[in-house]
Amino acid sequence: LFRKSLENPLVAYDMLKSHLPPEVLAAVDITTIKLEKESFIEQNLSASIADVLFSVKLQDNSDGFIFLLLEHQSQIDHFMAFRLLKYMVNICDQYKQKNPKAKKLPFVYPLIIYNGTRKYNAPRNLWQLFNNEDLARQFWYGDYQLVNVHEIPDEEFRTICYEKAHRIYG
């Protein structure tokens, strides 16, 4: 029923206009909203969760998605932030497959609609799921480390390899 009501562009427009943060509303061209057919939830969760994916153009004419997840389960999922990350990666992966020449990934905004009776107390961001929040954030957000062996002079590379082999094999 929830998904069906959002097939009406006016209902979808009003709902999103009411619930998206101002910076997201400012970034997207809400008039380009289109309901997509794909679902990203796991089969074992389909009885307690419904998802809705809208494609949308951003103001800079790049592609974006708004992902709604409707929770109607009695148990709050402590790992919801992690599950959302997986869904968002899957949305980007599917986009990449459909647009193989694209050089950028689309913007994906997740929105949880919770209708349980208990106070929602699950971590609201991925970093709260780590023991060392700051370290996880630093290396998940920051640039990945790259060792480009073509930039290491041959003699230095041989020395590094020799020293490593000497430590391992004696």
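Residues numbered from 1 in each chain as written. Predicted model: local features only at pLDDT ≥ 70, side-chain atom pairs only at ≥ 80, totals over all residues. Heavy atoms only, no water.

Student: So what's going on with the overall build of the protein chain? Which residues, and what values?
Tutor: A tally of regular secondary structure across the protein chain gives 6 helices and 4 strands. Overall, the protein chain shows an N-to-C arrangement of helices and strands of α-α-α-β-β-β-α-β-α-α. Sequence separation of 24 or more characterises 56% of the internal contacts of the protein chain that already satisfy a separation of 6 or more. For the protein chain, the accessible surface area stands at approximately 12200 Å², while carbon and sulfur atoms represent 54% of it. (Helix = DSSP H or I, 4+ residues; strand = E, 2+ residues; numbered from the N terminus. Contact = heavy atoms within 4.5 Å. Areas by Shrake-Rupley, 256 points an atom, 1.4 Å probe, with all protein chains shown as cover.)

Student: Could you give me a rundown of the nonpolar core, with the residues and numbers involved?
Tutor: Core analysis: the largest hydrophobic core is formed by 17 residues, its most contacted members being Leu-6, Leu-16, Leu-20, Phe-54, Ile-66 and Leu-68. Those elements giving two or more residues to this core turn out to be helix H2 (9-19), strand E1 (28-35), strand E2 (49-58), strand E3 (63-71) and strand E4 (107-114). The greatest single-element share of this core, amounting to 4 residues, is contributed by E2. Once you skip the residues sitting within four places of it in the chain, Leu-20 turns out to touch Leu-25, Ile-30, Ile-66 and Tyr-109. Core analysis: the second largest hydrophobic core is formed by 11 residues, Leu-53, Leu-69, Met-80 and Tyr-87 among them. (Core = buried A, V, L, I, M, F, W, Y, C linked by side-chain atoms within 4.5 Å. Buried < 20%, exposed > 50% of the residue type's maximum accessible area, 1.4 Å probe, protein only.)

Student: Go over the environment of Phe-54 with me, naming the residues and quoting the values.
Tutor: Structurally, Phe-54 can be placed in strand E2. By relative accessible area, Phe-54 is classed as buried at 1%. The spatial distance from the C-alpha of Phe-54 to the C-alpha of Gly-64 is 8.4 Å, given a sequence separation of 10 residues. Contact partners of Phe-54, with chain neighbours within four places excluded, come to Leu-6, Ala-12, Leu-16, Ile-33, Lys-34, Leu-35, Glu-36, Gly-64, Phe-65, Ile-66 and Leu-68.

Student: Would you mind going over the side chain of Asp-77 in detail, with residue names and values included?
Tutor: Relative to the helices and strands, Asp-77 resides in the loop between E3 and helix H4 (80-98). If near-sequence neighbours (up to four positions away) are discounted, Asp-77 is found in contact with Arg-83, Tyr-120 and Ala-122.

Student: Any chance you could break down a nonpolar patch on the surface for me, citing the residues and the numbers?
Tutor: Side chains of Leu-135, Phe-139 and Trp-140 sit close together on the surface and give an oily, nonpolar patch of about 340 Å² of accessible area. Summarising the element assignment, Trp-140 is placed in helix H5 (residues 133-141). On the accessibility criterion, Trp-140 (48% relative accessible area) is partly exposed. (Patch = residues over 30% accessible without salt bridge, like charges linked within 9 Å, V, L, I, M, F, W, Y side chains within 5 Å. Salt bridge = Lys/Arg side-chain N within 4 Å of Asp/Glu carboxyl O.)

Student: Can you lay out the pattern of salt bridges for me, pointing to particular residues and giving the numbers?
Tutor: Here the structure, examined in full by the defined rule, presents 4 salt bridges. With a closest N to O distance of 3.2 Å, Glu-133 and Arg-137 form a salt bridge. Here Arg-137 and Glu-133 lie together in helix H5, a separation of 4 residues that amounts to about one turn. Judged by relative accessible area, which is 30%, Glu-133 ranks as partly exposed.

Student: Help me get a handle on the confidence of the model for the protein chain, residues and values and all.
Tutor: Averaged over the protein chain, the pLDDT score is 84; the fraction of residues at 70 or greater is 89%. Of all secondary-structure elements in the protein chain, the lowest mean pLDDT belongs to helix H1 (residues 2-6), at 73, while helix H3 (residues 22-27) reaches the highest, 94. (pLDDT = per-residue confidence, 0-100.)

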